[in-house]
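Examining the three-dimensional arrangement
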Amino acid sequence: GVIRTALPNMDREVKEQYQVLIQAKDMGGQLGGLAGTTTVNITLTDVNDNPPRFPKSIFHLKVPETSHVGSAIGRIRAVDPDFGKNAEIEYNIVPGDGGNLFDITTDEYTQEGVIKLKKPLDFETKKAYTFKVEASNLHLDHRFHSVGPFKDTATVKINVLDMDEPPVFSKPMYTMEVYEDTPVGTIIGAVTAQDLDAGSSSVRYFMDWKNDVDSYFTIDATEGTIATNELLDRESTAQYNFSIIASKVSNPLLTSKVNVIINVLDVNEFPPEISVPYETSVCENAKPGQVIQTITAADKDLSPAGQRFSFKLSSEASNKPNFTVHDYRNNTAGIETRRNGYSRRQQELYFLPVVIEDSSYPVQSSTNTLTIRVCRCDSDGTIQSCNVEAIFLPVGLSTGALIAILLCIVILLVIVVLYVALRRQKKKDTLMTSKEDIRDNVIHYDDEGGGEEDTQAFDIGALRNPKVIEDNKIRRDIKPDTLRFTRHRPPAEDNTDIRDFINQRLQENDVDPSAPPYDSLATYAYEGNGSVAESLSSIDSLTTEADQDYDYLSDWGPRFKILADMFGEESYNPDKVT
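Residues numbered from 1 in each chain as written. Predicted model: local features only at pLDDT ≥ 70, side-chain atom pairs only at ≥ 80, totals over all residues. Heavy atoms only, no water.

If you look the protein up in an unreviewed UniProt entry, it shows as CAD12 protein from Helopsaltes ochotensis. As stated in UniProt under Function (unreviewed entry), the record for the protein gives "Cadherins are calcium-dependent cell adhesion proteins." Regarding the protein, the UniProt comment filed under Subcellular location (unreviewed entry) reads as follows: "Cell membrane". (UniProt positions renumbered as here; feature names shortened; annotations may be inferred.)

**Section: the state of the cysteines**
Inspection of every chain in the model, using the stated rule, returns two disulfides. Note that Cys 283 is cross-linked by a disulfide to Cys 377, the S-S spacing being 2.1 Å. Disulfide Cys 283-Cys 377: torsion about the S-S bond near -85°, hence left-handed. Of this pair, Cys 283 sits in strand β20 (residues 279-283) while Cys 377 sits in strand β26 (residues 365-377), and the two are 94 residues apart along the sequence. You'll find Cys 283 and Cys 377 in the same group, each marked buried. In this model Cys 375 forms its disulfide with Cys 386; the gap between the sulfur atoms is 1.7 Å. On the sign convention where negative means left-handed, the S-S torsion of about 110° between Cys 375 and Cys 386 marks this disulfide as right-handed. (Disulfide = S-S within 2.5 Å. Helix = DSSP H or I, 4+ residues; strand = E, 2+ residues; numbered from the N terminus. Buried < 20%, exposed > 50% of the residue type's maximum accessible area, 1.4 Å probe, protein only.)

**Quick word on the packing of aromatic side chains**
Describing an aromatic ring pair means giving the distance of the ring centres and the angle of the ring planes. This model, assessed by the stated rule, comprises 12 aromatic pairs. With 5.6 Å between their ring centres and 75° between their planes, Phe 102 and Tyr 129 make a pair best called edge-to-face. Placement of the pair is Phe 102 in strand β6 (residues 102-106) and Tyr 129 in strand β8 (residues 128-137), with a sequence separation of 27 residues. By the burial criterion, Phe 102 is buried, and Tyr 129 matches it. Ring centres 5.2 Å apart and planes at 0° place the aromatic pair Phe 323 and Tyr 342 in the stacked group. Placement of Phe 323 in strand β23 (residues 323-327) and of Tyr 342 in the loop between β24 (332-337) and β25 (349-357) is noted, with a sequence separation of 19 residues between them. With relative accessibility at 4%, the residue Tyr 342 sits in the buried group. Taken together through their ring pairs, the aromatic side chains of Tyr 216, Phe 217, Tyr 240 and Phe 242 make up a single cluster. (Phe/Tyr/Trp six-rings, centres within 6.5 Å; stacked < 30°, edge-to-face > 60°.)

**Re the pattern of salt bridges**
Overall, the coordinates contain 14 salt bridges when judged by the stated rule. Of the charged contacts, one joins Arg 12 and Glu 16 as a salt bridge, the two residues approaching to 3.7 Å between their closest N and O atoms. Taking relative accessible area as the criterion, Arg 12 reaches 14% and is therefore assigned buried. Overall, Glu 16 belongs to the partly exposed group, its relative accessible area being 35%. A salt bridge links Glu 134 to Lys 151; its shortest N-O distance comes to 3.6 Å. (Salt bridge = Lys/Arg side-chain N within 4 Å of Asp/Glu carboxyl O.)

**Details of the environment of Val 160**
Position of Val 160 among the secondary structure elements: in strand β9 (residues 151-161). What makes Val 160 buried here is its relative accessible area of 4%. Once the C-alpha coordinates of Val 160 and Val 63 are considered, the two residues, 97 residues apart in sequence, prove to be 5.0 Å apart. If we skip the residues at most four places from it in the chain, Val 160 touches Val 63, Glu 65, Leu 121, Asp 122, Phe 123, Lys 126, Lys 127, Ala 128 and Tyr 129. (Contact = heavy atoms within 4.5 Å.)

**With respect to the sheet that holds strand β14 (residues 203-207)**
The strand order across the open sheet built from four strands is β11-β18-β17-β14, with neighbouring strands paired in mixed fashion. The open sheet has two edge strands with one neighbour each: β11 (173-179) and β14. Taken over all neighbouring pairs, the strand axes of this sheet differ in orientation by 30° on average, direction set aside. (Pairing = 2+ DSSP bridges. Axes fitted to C-alpha atoms, helices over the stretch in contact; angles between N-to-C directions.)

**Notes on the environment of Ala 72**
Along the chain, Ala 72 turns up in strand β4 (residues 72-77). Overall, Ala 72 belongs to the exposed group, its relative accessible area being 54%. For the pair Ala 72 and Lys 116, spaced 44 residues apart in sequence, the C-alpha separation works out to 4.3 Å. Excluding residues within four positions of it along the chain, Ala 72 makes contact with Val 114, Ile 115 and Lys 116.

**Observations concerning the nonpolar core**
Counting residues in hydrophobic clusters, the biggest one holds 25 residues, and the most contacted among them are Phe 54, Phe 102, Ile 115, Val 133, Val 156 and Ile 158. Going through the elements one at a time, β3 (58-64), β4, β5 (89-93), β6, β7 (112-117), β8 and β9 are the ones with two or more residues in this core. Setting aside its immediate chain neighbours within four residues, Val 133 contacts Phe 54, Ile 76, Tyr 91, Asn 92, Ile 93, Ile 104, Asp 152, Thr 153, Ala 154 and Val 156. In terms of nonpolar packing, the next biggest core, distinct from the first, is built from 22 residues, Val 203, Phe 242, Ile 244 and Ile 262 among them. (Core = buried A, V, L, I, M, F, W, Y, C linked by side-chain atoms within 4.5 Å.)

Structure (structure tokens):
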């Protein structure tokens, strides 16, 4: 079954879908045959047979004059009934009135023409613009060229809306010049801004304060004149850069800004000076006319093109036949010798005053002193020594020999110092030996020790009686005398067994030769020679308590009454001693 078109020039834009009912019969379509049916859906594909068409011939747009460059100010659209890529449209502005101010692009999603601003608008300059826009297909079908041109044209009229704009400066940037040290309050220039709106408003000026540099200048709020507020110094700051802001009186929020650059011009106020070095040298064997140093000059002022420096000797130095200055006329000069040889023994240093002048107005000059040192050189002019000490050294003495001599002197001084220190140390030791008498010494231990049982903390021999130490160098063991007590308490009758046990042990120790000594005499309360009380030790006493008279205790007052009663009333009874 072959399906063919029955009508010519079918149009997809009129009808796109068709349904065809197909019947098939067997037996050649004769009576009694069987039949079957089916539906065939037929879709017409699109061809680019329709050009784009604008729905209207004139488009009106209103644009504020404050619109930014590059922003979209309006959209227009041409209609193409085709589908897909056959409906893609390209928009172009026909060269004419608005070709330089506007541009148009195609929105690929909506196929609209987007008009954009290429340059800023100004209502006061021009209030309206008119231009034509052409819309055409991108993909043409050559089979339909005979239908006609596949493009359309429309007119666009743009009306510029007047907006309240900030004032406009007459220049994009201002450059001014002023001499340094100009008196305060001197006007050095002016800026100008205007309100270009229909209802022109007055303009006020003020400085954009951002740093301390802005304080060097002031501006008149009404006239826009700029004047100095402080003395300027080019050597400190050669250029100032700041901003001026202009605002409308009717609307202070609308402001504009412009940069101002002020160059400080130089005034010749500093004299030229010699550049380093200020010191040079001359050989003892120098010849007359020999150049020993080339000097240059430096000026703190900003030297203009062609400024020259001149060099000469001062008037007082011109009469001396030692050195001279040769000006090379290129801002340099040479120091030349005028004698045949120099002697360090006669004069080691020469001071040469050089006068330098500049060529600016007013002329500035200065006198600079150049120090020239006489040095010993070899035959080729190579400096060997410029030290003052080298003048007095014998001829032929090398530097190594000088170092060896100095080293020997240092060693001898060290030996002498050590010898004197040892002699003083021995003398001090002798003095300490002669002071071994402990009675003349004050011994500081600065330690409390460990108490009565601590016998290692210090030497307790220093506390003993020196007489006893000298007479008896060995330990003295003495047998104690029979103890006598001034007071006696009768023993209790029930202590007989204890008394017998003690007496038995006492007799056993008395006859035992291996028993320890009875007593060891150690004097700890010695007060020194000349003491009225002498020794306070009861162990070394030669008298017994029976020989003592304690009646004087009664004369010592009530504090000693108990002692007086104890030792003064009872008599000694040796039979009561156990």
